[in-house]
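Observations on chain architecture
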Amino acid sequence: MFKEMDIDELLNSESDEFVLVDVRSPSEYEEMSIPGSYNIPVFNDEERAEVGTLYKQVSKETATDRGLELFSAKLPAFIKQFKELPGKKVVYCWRGGMRSKAAATFLDLMGFETHRIKGGVRAYRRWVMKQLETLEMKPKAFVLNGGTGTGKTEILHRLQSDRIPVLDIEGLANHRGSVFGGIGLAPHNQKTFDSLLVREITRLEQHPFVIFEAESKRVGKVQLPPFLLNKKEQATHIFIELPIKERVAHLMKEYRLHEHHEEFTQAFRRIKRRIHSPVANTIEEELKNGNYEYILELLLEYYYDPRYIHTAGKYAEDQKIILKVNSIDEASEKVKRLLIDEKNIIRV
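This report concerns the structure included in the present document. (Residues numbered from 1 in each chain as written. Predicted model: local features only at pLDDT ≥ 70, side-chain atom pairs only at ≥ 80, totals over all residues. Heavy atoms only, no water.)

Taken in spatial order, the five strands of this open sheet run E1-E5-E4-E2-E3, and their pairing is parallel. Taken across any chain shown, the strands that pair with only one partner, and hence form the sheet edges, are strand E1 (3-5) and strand E3 (38-39). Across three bridges, the pairing between E1 and strand E5 (residues 114-117) is parallel. Bridged to Glu4 within E5 is Arg116. (Pairing = 2+ DSSP bridges. Helix = DSSP H or I, 4+ residues; strand = E, 2+ residues; numbered from the N terminus.)

In this section: the nonpolar core. Taken as a class, soluble globular proteins show a tendency for nonpolar side chains to be buried jointly. Counting residues in each nonpolar core, the largest one holds 39 residues, and the members touching the most others are Leu167, Leu197 and Leu228. If you tally residues by element for this core, the top one is helix H10 (residues 190-204), at six residues. If we ignore the near neighbours within four places in the chain, the residues touching Leu197 are Leu132, Leu167, Leu172, Pro225, Phe227 and Leu228. Residues Phe180, Ala267, Tyr292 and Tyr303 belong to the second largest nonpolar core, which totals 24 residues. (Core = buried A, V, L, I, M, F, W, Y, C linked by side-chain atoms within 4.5 Å. Buried < 20%, exposed > 50% of the residue type's maximum accessible area, 1.4 Å probe, protein only. Contact = heavy atoms within 4.5 Å.)

Right, let's get into empty space enclosed by the protein. Applying the stated rule across the entire model yields two cavities of 30 Å³ or more. Empty space within the largest cavity amounts to approximately 110 Å³. Forming the boundary of the largest cavity are Thr148, Ser178, Phe180, Ile183, Leu251, Tyr255, Leu257, Phe264, Leu296, Leu299, Leu300 and Tyr304. Every element with two or more residues in the lining of the largest cavity is listed here: helix H12 (244-255) and helix H15 (292-312). The element that contributes the greatest number of residues to the lining of the largest cavity is H15, accounting for four residues. (1 Å grid on protein atoms, 1.4 Å probe; cavity = no way out; pocket = protein on both sides within 12 Å on 5 of 7 lines; lining within 4 Å. Points joined across faces, edges and corners; volume = space filled by probe spheres on them.)

From the geometry alone we can't say anything about function, so treat these as descriptive.
Quick look at the structure:
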């Protein structure tokens, strides 16, 4: 018989043999899942809707019969996908109901060592929210700051590859942070972000320091928790100053605006009223010609940099380390040396 498992028991387990499998429909999985889970659905979205309608409008028995009929037809493919996964299988659905019970039962009959999460992903969401109420970032914090286009995210990725402890907030949100930050991406919702953030903060607890990018309260679709915003305000800020031509070149490479002209245009129109009218009108005219380099220069000079200068002025001088560089390569090396050489900081 398959084993029931509490969410605390799972998350406190030191075993790396457990493989999490979300048996909900693809759209449910996309909305939120336990990080690291595989999606092997009992029902697709249409089948889930059909069974749900029967449950509400006819009876539980009718819905159960139809659900078993649908699931039975796809059992060979379902079992095959499980065979391809290593380790002990831990299945879950929304609240530990019919779908995870059916999946666990059949897997047990096929000889798989199977566990089922009590309360499903809903129990996990409650656990995440409880963690966010009491979570702290214990390591000393450094914040990578600087104007738009100074390559902060790329610098963080390079530091991460050198085993420097990094909290990639934009990566967790799947958004670059600005009004144009969602171009070419599918931003995460709050539930997904919260789950990923809790996992990352827990992972970083053992390190003596962590570096993350300066972000506003909102990043794309998500809001940052108070403890992280407070940590940012108290941290040492490393400001990157890079020539505007280098910043434009980096933004062109990162955003690939020629591939996302319509998204870029729509994003600009959301902020047009905040830009001095003659400049805004010039940008709109240049959009017709696809003159992205010039547009970016105007946006940096008249929209982004004034806001950055205002925000930077809020921090005390003894909180700031200013690095004037000519390239992102130079910035990456200087930040890395600064972190490694910092007193009382050890490389990890």
